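# Architecture and fold: a report
If you want the building blocks of each chain, they are given just below.
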Amino acid sequence: EPEVTQTPSHQVTQMGQEVILRCVPISNHLYFYWYRQILGQKVEFLVSFYNNEISEKSEIFDDQFSVERPDGSNFTLKIRSTKLEDSAMYFCASSGTSGVDEQFFGPGTRLTVL
Amino acid sequence: AQSVTQPDIHITVSEGASLELRCNYSYGATPYLFWYVQSPGQGLQLLLKYFSGDTLVQGIKGFEAEFKRSQSSFNLRKPSVHWSDAAEYFCAVKRAAGNKLTFGGGTRVLVKP
């Protein structure tokens, strides 16, 4: 069964450093998403990406964040200068040919900023 | 703005007993509604979804949910819980136009033998 994969499973970084979280969406999917969950809080939408551009983003997704689909398989989330409050579980998701299709989630990357 | 409330943070249920998880949403029109489950170390797996039509929807793993427009609710039920159902359950809503899922805070289910 196809699945969304994410690497690494856990990333530890120093405050101010850049991190790149990687995701491989399901191969024939066209819509891609990042969500995050700060410990003890709700899962929050960050951004959606379609046709090589951002289709929707939340107020959390400021200039410190960027997304990219560098090739035909990967989808990345970059945080340019990490802050302590960026520590969270980051989930990648993808969905098929329509925005109403089910979003399939990866297992997440736990980011710890020290 | 749309929002989702799951009033129960934790629920403990005996194996074989029935389970009901509550979800209330706030949204101007009928949203698309979802229930996801997250087992430890796993991603979010879709249990079921409601877009339109029959207000009682069946999902995987023996779960069902009922949409009640008058109560702005979408409660999840299972008649007989198995130990493997211990997990965290998330209700989510989405506008018909747009891709963003808005999640509730989750309900952690513990299953007693």
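Details of the structure are given in the entry above.
Report follows, based on the coordinates.

## Regarding the side chain of Q2 of chain B
Residues and elements named next belong to chain B. Looking at where Q2 falls in the secondary structure, it is placed in the segment before strand 1 (3-5). The class for Q2 is buried, based on a relative accessible area of 16%. A polar atom in the side chain of Q2 sits 3.0 Å from the side chain of T102. For Q2, the contacting residues outside a window of four places in its chain are S26, Y27, V93, K94, R95, K100 and T102.

## Considering the interface of chain B and chain A
The partner chain A presents 18 residues to the 22 residues of chain B that form the contact. Summed over both partners, the interface of chain B with chain A comes to about 1,600 Å²; 55% of that surface belongs to carbon and sulfur atoms. Broken down residue by residue, the surface that chain B buries against chain A is led by L44, N99 and F103 of chain B, which jointly contribute 34%. Counting across the chain B and chain A interface gives one salt bridge. Residues R95 of chain B and E56 of chain A are paired through a salt bridge, measuring 3.1 Å at the closest nitrogen-oxygen approach.

## With respect to the pairing of strand 5 (residues 32-38) of chain B
Successive side chains on a regular strand alternate, one facing one side of the sheet and the next facing the other. Residue and element names in this part refer to chain B. Counting buried positions along strand 5 gives seven out of seven residues, so the element sits mostly inside the fold. In this sheet, strand 6 (residues 44-50) lies alongside strand 5 in antiparallel orientation, the contact comprising six bridges. Bridge pairing links Q38 to L44 in strand 6. Linking strand 5 to strand 6, which pair antiparallel, is a turn of five residues; within it G41 sits at a positive phi near 75 degrees.

## Considering the state of the cysteines
Evaluated as defined, the whole model comprises two disulfides over all chains. One disulfide bridge connects C23 of chain A with C92 of chain A, the sulfur atoms lying 1.9 Å from each other. Around the S-S axis, the bridge from C23 of chain A to C92 of chain A shows a dihedral of about -65 degrees and counts as left-handed. Here the residue C23 of chain A occupies a position in strand 3 (residues 19-24), and C92 of chain A occupies one in strand 9 (residues 88-95), the gap between them amounting to 69 residues. On the accessibility criterion, C23 of chain A (0% relative accessible area) is buried. In this structure C92 of chain A comes out as buried when scored by relative accessible area, which is 0%. With its sulfur 2.0 Å from that of its partner, C23 of chain B forms a disulfide with C91 of chain B. For the disulfide bridge between C23 of chain B and C91 of chain B, the dihedral angle about the S-S bond is near -65 degrees, and by the sign convention the bridge is left-handed. Here C23 of chain B, found in the loop between strand 3 (19-21) and strand 4 (24-26), pairs with C91 of chain B, found in strand 10 (residues 87-94); they are 68 residues apart in sequence, far enough to count as distant. Just as C23 of chain B is buried, C91 of chain B falls in that class too.

## Describing the packing of aromatic side chains
Under the defined criterion, the tally for this structure stands at 20 aromatic pairs over all chains. On the basis of an interplanar angle of 10 degrees and a centroid distance of 4.4 Å, the ring pair of Y31 of chain A and Y50 of chain A is categorised as stacked. Taken together, the positions of Y31 of chain A in strand 4 (residues 31-37) and Y50 of chain A in strand 5 (residues 43-50) put the pair 19 residues apart, joining distant regions of the chain. Measuring from centroid to centroid gives 6.2 Å for F90 of chain B and F103 of chain B, while their planes differ by 90 degrees, and the two rings are edge-to-face. Note that F90 of chain B is positioned in strand 10 and F103 of chain B in strand 11 (residues 102-103), a separation of 13 residues in sequence. Joined through ring pairs, the aromatic side chains of Y33, Y35, F45 and F105 of chain A together with Y32, F34, Y36, F51, F90 and F103 of chain B make up one cluster.

What counts and what doesn't
- Along each chain, residue indices are assigned from 1 in the same order as the chain's sequence is written.
- Written order decides the labels, with chains lettered from A and ligands numbered from 1.
- Only residues with pLDDT of at least 70 get local features here, since the model is predicted, and only at 80 or more are side-chain atom pairs given and counted; chain-wide, interface and lining totals rely on the full set of residues.
- For side-chain calculations, the full set of non-hydrogen atoms in the structure is used, while hydrogens and water are omitted.
- The secondary structure listing takes helices from DSSP runs of H or I that are at least 4 residues long and strands from runs of E that are at least 2 residues long, numbered from the N terminus.
- Think of it in three bands: residues with accessible area under 20% of the maximum for their type are buried, residues over 50% are exposed, and the middle band is partly exposed, with areas taken using a 1.4 Å probe on protein chains only.
- N or O atoms closer than or at 3.5 Å make up a polar contact, with two conditions inside protein: a donor-capable atom paired with an acceptor-capable one, and, for residues adjacent in sequence, both atoms drawn from side chains.
- Whether two residues touch is decided by their heavy atoms; if any such pair falls within 4.5 Å, the residues are in contact.
- Once two parts are brought into contact, the accessible area they lose, counted with a 1.4 Å probe and summed over both, makes up the buried area.
- Any Lys or Arg side-chain nitrogen found within 4 Å of a carboxyl oxygen on Asp or Glu counts as a salt bridge.
- Think of it this way: DSSP has to see at least two bridges between two strands before they count as a pair.
- To count as a disulfide, a pair of cysteine sulfur atoms needs to be within 2.5 Å.
- Any pair of Phe, Tyr and Trp rings, taking the six-membered ring for Trp, is counted once the centres come within 6.5 Å. Such a pair is stacked with planes under 30 degrees apart, edge-to-face with planes over 60 apart, and tilted for the rest.

From the geometry alone we can't say anything about function, so treat these as descriptive.
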